[in-house]
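Residue-level structure breakdown
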Amino acid sequence: MPENTDGEPGDATGGSPADPEQSAQSAQSAQSTQPPGEPEAAADGPAVPAQAAGRHAGGAGAGPPPGWDPKAWQAYQVRRQRATSGAWSIVPLAWAEAARPAPAGPVPTAVLLAAAAAGLASGLFLGDGLGLGLLLAVVPAAVGAYFAARAARRRARPWSVAWAVGCVALLAVPALRDADWPSALALLAAVLLGALSLHGSRTWPGVLLSPFGFVDSAVLGIRWAWSGLRSRGSGVDRARWLPVVKAAAVALVLLVLFGTLFASADAAFADLLDGLTPEISLGDGPVRLVLFLLGAVLALAAARAAAAPSRWDRIRIAPGKARSRVEWALPLIVLDLLFAGFNAVQLAVLFGGYDKVLRSTGLSYAEYARQGFWQLLWATLLTLAVIAIALRWAPRSGAGDRRFVRVVLGTLCVLTLVVVASALRRMDLYVDAYGLTRLRVSVAAMELWLGLVIVLIMAAGVLGARRLPRAFAAGAAAAVLAFGLLSPDGMVAERNAARFEQTGKLDLAYFQSLSADAVPALDRLPEPRRSCALRGINNDLSSRGRVPWYAMSLGEYRARRILRERPVTASYEVCRTLGTFHSRTE
């Protein structure tokens, strides 16, 4: 996106037009004057943009060259302006111009220091893993974004504060859980909430495109920081900064000298110092350098977005052509009737009992549950797509049409909630028959979240759709946060341990792939099944070696403490004779 990083009001790359049309006109007036006496452009103007640009650069007030379509000439001038400014965007041209951020003022010194601190923390703490080190690396970036917004005189609004708090809560999931998959979802959701906090978006284009704004903010942030460093380097006051540099160097020498002496004098202090300080070697130097650069760039991107956010809410998507009631409602009413018939069968099965259905269909208990869940999950997803498409082409000539749309789509939403409940019931039957796994808990959580989305759509139909995009983002983030805090691996282990107490069935081979979050639940199993269930997790933790405090999650810490107090005792030969553990080889 074109940007005036120096904040010069007269620069062609500056400004924040209210719409892309105004931006294109200002670019045209600044760059599209044809000098007198020049030959005319070729009739196929757009085919020779370089020649046309050479003949019509500079000046003001002239129109496009002869043979050029005015809109094509406007688009070309805007592209040329963006190329000159050095900024770029991954979104379409019209959207990028509509969302173009305002010029940013001079970069504050606090932002540069915060970016350096974020890069240093990333290089030191993230080279050994995530855990608490991720929060330590994010804190300086958040401080830099705060100072950048303060220098730009941006005020924190309630929604922005809520997004920021949610972002920090999601970033705490890797510090609490050892499993990688909930942490990965939490990181993605944290990026979404961080982008919403910085950009302040509230529309559908804003909510969906805000995370991509980090790409533009990173490019602009580097240019912004470089401009600030150059301006400071041209007038450095050595009498002011040299004493600070000298004092920091002396403090560093004293810390290294006396720290080494005290560590060699006392083993307990040496062990404490070794646990607190990161271990850095020449072998992992390139990786830590990359992490330093990545942390600094992301901190600059957050600060640049806080100082001058992209206006994603300016993007307007025109609604589809309104249809007549009959044309629009007939397919939806037919679909409502189909849903009603399916739900009637589900209620008959619920009150008539599953045994009668199993006898009439010839399916087993688990086959009946497994056969329907995935189809119902896809039915829920397709229903959301149908609702989105129907809203785009819904009749909207008056209040009567709006009530009619609410009734038809509201009925479909209510019937879809019954389908969601049926799918979850089938998953419960399947888990009773075969136990809980990562895949099953994930798809059940997905189905619950889809049900939440349908409830939000119904609420928007009653209260208005203005808050629906932000409610959708908040619901998604809350679902991911709850998923991480509930510890899916712990739930899997807990449910299967309870199933073993009731039925005596236990899949020991499956436990070998779980994370350390499952150790507290598996620790309650009787021996030798306890040792056999924990064997794979114990081997994985042993292979990691000593993990520093900033890279260890709470789940891993608890698992290591349990296994240290009650080690794994059963041998591999003993475990092969139990359950399905014979399928595992070592």
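Everything numeric here is computed off the predicted structure, so don't read it as measured data.

Quick look at the overall build of the protein now. Counting its secondary structure elements, the protein contains 26 helices and zero strands. Out of the 586 residues in the protein, the part that is buried amounts to 41%. For the protein, contacts bridging at least 24 residues in sequence account for 77% of all contacts bridging at least 6. For the protein, the computed accessible surface area is about 30400 Å², with 66% contributed by carbon and sulfur atoms.

Two measures describe an aromatic ring pair: the distance that separates the ring centres and the angle between the ring planes. Scanning the entire structure with this criterion turns up ten aromatic pairs. Between the aromatic rings of Tyr146 and Phe147, the centroid separation amounts to 5.5 Å while the plane-to-plane angle is 70°, which identifies the pairing as edge-to-face. The rings of Phe125, Trp549 and Tyr550 are connected pair by pair, giving a single aromatic cluster. Cation over ring: Arg325 sits above Phe404, and NZ or CZ is 5.2 Å from the ring centre.

As a further point, take the pattern of salt bridges. Evaluated as defined, the whole model comprises 16 salt bridges. Residues Arg438 and Asp489 are paired through a salt bridge, measuring 2.6 Å at the closest nitrogen-oxygen approach. With Arg438 in helix H19 (residues 438–463) and Asp489 in helix H21 (residues 488–503), this pair connects stretches of sequence that are 51 residues apart. By relative accessible area, Asp489 is classed as buried at 0%. With its nearest N and O atoms 2.4 Å apart, the salt bridge here joins Arg524 to Glu494. One end of the pair, Arg524, is in the loop between helix H23 (519–522) and helix H24 (529–544); the other, Glu494, is in helix H21, and 30 residues separate them in sequence. Glu494 gets classed as partly exposed once you look at its relative accessible area, which sits at 38%. Connected via shared salt-bridge partners are Asp178, Asp540, Arg544, Glu556 and Arg560.

A few words now on the state of the cysteines. This model, assessed by the stated rule, comprises one disulfide. The disulfide partner of Cys532 is Cys575, and the S-S distance across this bridge is 2.0 Å. Looking down the S-S bond of the Cys532 and Cys575 bridge, the torsion is -90°, so its handedness is left-handed. Placement of the pair is Cys532 in helix H24 and Cys575 in helix H26 (residues 572–576), with a sequence separation of 43 residues. Residue Cys532 is classed as buried on the basis of its relative accessible area of 0%.

Next up on the list: helix H9 (residues 180–199). Between its terminal C-alpha atoms H9 stretches 29 Å, which fits the 28 Å expected from 20 residues at 1.5 Å a residue. The first or second residue beyond H9 is Gly200, which carries a positive phi of 70°.

Further remarks concern the confidence of the model for the protein. On average, residues of the protein score 78 in pLDDT, and 74% of them reach the 70 mark or higher. Here residues 1–61 is a poorly scored stretch, pLDDT under 50, and it has 143 contacts once near neighbours within four places are set aside; other chains count. Under a pLDDT of 50 for its full length, residues 84–88 has, in the predicted model, 16 contacts with residues more than four places off or in other chains.

What follows deals with the nonpolar core. Core analysis: the biggest nonpolar cluster contains 32 residues, and Leu508, Phe511, Leu522, Leu525 and Ile537 have the highest contact counts within it. Residue assignment for this core shows that the elements contributing at least two residues are helix H18 (399–434), H19, H21, helix H22 (508–511), H23, H24 and helix H25 (554–565). For this core, the element with the highest residue contribution is H24, accounting for five residues. Sequence-distant contacts of Phe511, defined by excluding residues within four places in its chain, comprise Asn496, Leu506, Leu522, Ala533 and Ile537.

In this section: a positive patch on the surface. Side chains of Arg154, Arg155, Arg157, Arg202, Arg466 and Arg467 sit close together on the surface and give a patch of like positive charge. The residue Arg467 is located in the loop between H19 and helix H20 (468–485) in this model.

The geometry of helix H5 (residues 109–125) relative to helix H14 (residues 285–307) is characterised by a closest axis approach of 7 Å and an angle of 145° between their N-to-C directions. H5 and H14 meet at a crossing whose hand is right-handed. Across the interface between the two elements, Val111, Ala115, Ala116, Ala118, Gly119, Leu120, Ser122, Gly123, Leu124 and Phe125 from H5 touch Arg288, Leu291, Phe292, Gly295, Ala296, Ala299, Leu300 and Ala303 from H14.

This brings us to the side chain of Asp523. Looking at the element boundaries, Asp523 is found in the loop between H23 and H24. A polar side-chain atom of Asp523 sits 2.6 Å from a polar atom in the side chain of Arg566. Look past the residues within four positions of Asp523 in its chain and what remains in contact with it is Arg530, Leu534, Ile562 and Arg566.

For H20, spanning 18 residues, the distance from its first C-alpha to its last is 25 Å, which sits close to the expected 26 Å at 1.5 Å a residue. Those residues of H20 that sit buried are Leu468, Pro469, Arg470, Ala473, Gly475, Ala476, Ala477, Val480, Phe483 and Gly484. On its buried face, H20 is in contact with helix H7 (158–171), helix H8 (173–176), H9, helix H10 (204–209), H19 and H21. In the stretch just after H20, Ser487 is the one whose phi turns positive, near 60°.

Nonpolar side chains collect at one region of the surface, where Val250, Leu254, Leu257, Phe258 and Leu261 lie side by side and expose about 460 Å² of accessible area between them. By the element assignment, Phe258 lies in helix H12 (residues 238–265).

The amide bond that connects Glu527 to the next residue, Pro528, takes the cis arrangement and shows omega of 0°. Inspection of the secondary structure puts Pro528 in the loop between H23 and H24. At Arg153, a position not held by glycine, the phi torsion is positive, near 60°. Tracing the backbone through its elements, the reader meets Arg153 in the loop between helix H6 (132–151) and H7. A relative accessible area of 78% places Arg153 in the exposed class. Of note, the phi angle at Ser487 is positive, near 60°, even though the residue is not glycine. With respect to the element layout, Ser487 can be found in the loop between H20 and H21.

What counts as what
- Residues numbered from 1 in each chain as written.
- Predicted model: local features only at pLDDT ≥ 70, side-chain atom pairs only at ≥ 80, totals over all residues.
- Heavy atoms only, no water.
- Helix = DSSP H or I, 4+ residues; strand = E, 2+ residues; numbered from the N terminus.
- Buried < 20%, exposed > 50% of the residue type's maximum accessible area, 1.4 Å probe, protein only.
- Contact = heavy atoms within 4.5 Å.
- Areas by Shrake-Rupley, 256 points an atom, 1.4 Å probe, with all protein chains shown as cover.
- Phe/Tyr/Trp six-rings, centres within 6.5 Å; stacked < 30°, edge-to-face > 60°.
- Lys NZ or Arg CZ within 6 Å of the ring centre and 35° of its normal.
- Salt bridge = Lys/Arg side-chain N within 4 Å of Asp/Glu carboxyl O.
- Disulfide = S-S within 2.5 Å.
- Expected span 1.5 Å × (residues − 1).
- pLDDT = per-residue confidence, 0-100.
- Core = buried A, V, L, I, M, F, W, Y, C linked by side-chain atoms within 4.5 Å.
- Patch = residues over 30% accessible without salt bridge, like charges linked within 9 Å, V, L, I, M, F, W, Y side chains within 5 Å.
- Lys, Arg positive; Asp, Glu negative; His and termini not counted.
- Charge placed at Lys NZ, Arg CZ, Asp CG, Glu CD.
- Axes fitted to C-alpha atoms, helices over the stretch in contact; angles between N-to-C directions.
- Left-handed = near helix turned anticlockwise from the far one by under 90°.
- Polar contact = N/O pair within 3.5 Å; in protein donor to acceptor, adjacent residues only side chain to side chain.

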